[in-house]
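Letter by letter, the chains look like this.
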Amino acid sequence: MSIISNQIIAIGVAMHNNAETIHRCLSSIVNQKNLKRKLSIILADDNSSDNWKEKIFDLLKDERIIQLNLNNCNVVKTRNAINDYIINNLKEVALICRLDADDEYSDNYVLSKIEEILDKENPDAIVSGNYLRLNGEIIERKNYAVKEFRDMNYILKRLKLMSENVSDAELPSCNLILSPKILKPYPNIKSGEDHYLLTYYLMNQDKYKIFLADNLLLTIYSLGGAVSSNNQKLDTYINCRKELYKRAVEFSKDKNKKI
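Everything quoted here is computed from the prediction, not taken from an experiment. (Residues numbered from 1 in each chain as written. Predicted model: local features only at pLDDT ≥ 70, side-chain atom pairs only at ≥ 80, totals over all residues. Heavy atoms only, no water.)

Engineer: Please clarify how the layout of surface pockets should be interpreted in this entry.
Structural biologist: A water-sized probe, rolled over the atoms, reveals where empty space remains. When its volume is computed, the second largest pocket comes out at roughly 270 Å³. Around the second largest pocket sit K184, P185, P187, Y196, L197, Y200, N204, K207, F251, K257, K258 and I259, which together line it. The leading source of residues in the lining of the second largest pocket is helix α6 (residues 193-202), at 3 residues. Of the residues in the lining of the second largest pocket, the class split is 7 nonpolar, 1 polar and 4 charged. (1 Å grid on protein atoms, 1.4 Å probe; cavity = no way out; pocket = protein on both sides within 12 Å on 5 of 7 lines; lining within 4 Å. Points joined across faces, edges and corners; volume = space filled by probe spheres on them. Helix = DSSP H or I, 4+ residues; strand = E, 2+ residues; numbered from the N terminus. Nonpolar A, V, L, I, M, F, W, Y, C, P; charged D, E, K, R; others polar.)

Right, dumping it as structure tokens:
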């Protein structure tokens, strides 16, 4: 295997009071094997009040982990701060990945599979799928980056079902991997900013080379707390998805509009 030592795969991890899951998340990154490129892990703590540093004391000695201490109290601002740091401070970044602090990579070789796609296809973006964890257990349902994402009508169908709170329709948005040359900021909305960003790229495949890794389940995504039982939070969750569907329909009719 030929090493490409001057290139970096950057992985952003946004964290707020994730002491119980952050060790599992970071371990799944630092234990990746068969990589040609260097890893940089940008761990952004957004005003946590728990004992997360105690939980990952052994991992913080890894020089690949870069700590950012933020006070945004806002996940969108934190995600964008991570990406800004990557763009402004790291050189020769080949890919920008995101892994939430309560998720993990599904095995120790998935990033090497992403590298294979990069080397073979040279895409602007890679979209893969994920397993789902509920109440600590990986469930049978999986969320794939299906080839039907090439079809705008299919995308609109999925978004409509999401707006109706159909959980099976959720996009695999946590698995969007981007070249820095096409990186866009997350929109400053209350919920579903990752779905907005993925929808933007899927609906602009005439502009970007998007590779759908339809057989790769990159991560294990935690469903815990995704939809709060609190009515106000549930309304926000649904309303943002209704707005995304509305904008996507308008965009499909007039591509000068923004999603």
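Engineer: Would you take a moment to explain the nonpolar core for this structure?
Structural biologist: In summary, soluble globular proteins display a tendency toward joint burial of nonpolar side chains. With 34 residues, the main nonpolar core has I11, V13, I22, L26, I29, L43 and Y105 as its most contacted residues. Those elements that provide at least two residues to this core are β1 (8-15), α1 (22-30), β2 (38-46), β4 (93-98), α4 (110-121) and β9 (210-222). The residues touching I11, leaving out its near neighbours within four places in the chain, are I29, L39, S40, I41, I42, C97, L99, Y105 and L111. Core analysis: the next-biggest nonpolar cluster, separate from the first, contains 29 residues, L156, Y200, L202 and M203 among them. (Core = buried A, V, L, I, M, F, W, Y, C linked by side-chain atoms within 4.5 Å. Buried < 20%, exposed > 50% of the residue type's maximum accessible area, 1.4 Å probe, protein only. Contact = heavy atoms within 4.5 Å.)

Engineer: What should I look at first to understand the pattern of salt bridges in this one?
Structural biologist: Here the idea is simple: oppositely charged side chains can pair when their charged atoms come close. Summed over all chains, the structure comprises 17 salt bridges. Residue R79 pairs with E193 through a salt bridge whose shortest N-O separation is 3.0 Å. A residue pair is termed long-range when its members are at least 10 positions apart, and R79 in helix α3 (residues 75-89) and E193 in helix α6 qualify at 114 residues. Taking the relative accessible area as the measure of exposure, E193 reaches 5% and is therefore buried. For the salt bridge of K181 with D124, the shortest nitrogen-to-oxygen distance reads 3.5 Å. Highlighted residues: K181 in the loop between β8 (176-178) and α6 and D124 in the loop between α4 and β6 (125-134), separated in sequence by 57 residues. We classify D124 as buried; its relative accessible area is 12%. One salt-bridge network, in which partners are shared between bridges, spans R79, R98, D100, E193 and D194. (Salt bridge = Lys/Arg side-chain N within 4 Å of Asp/Glu carboxyl O.)

Remember, this is a structural readout, not a statement about activity or role.
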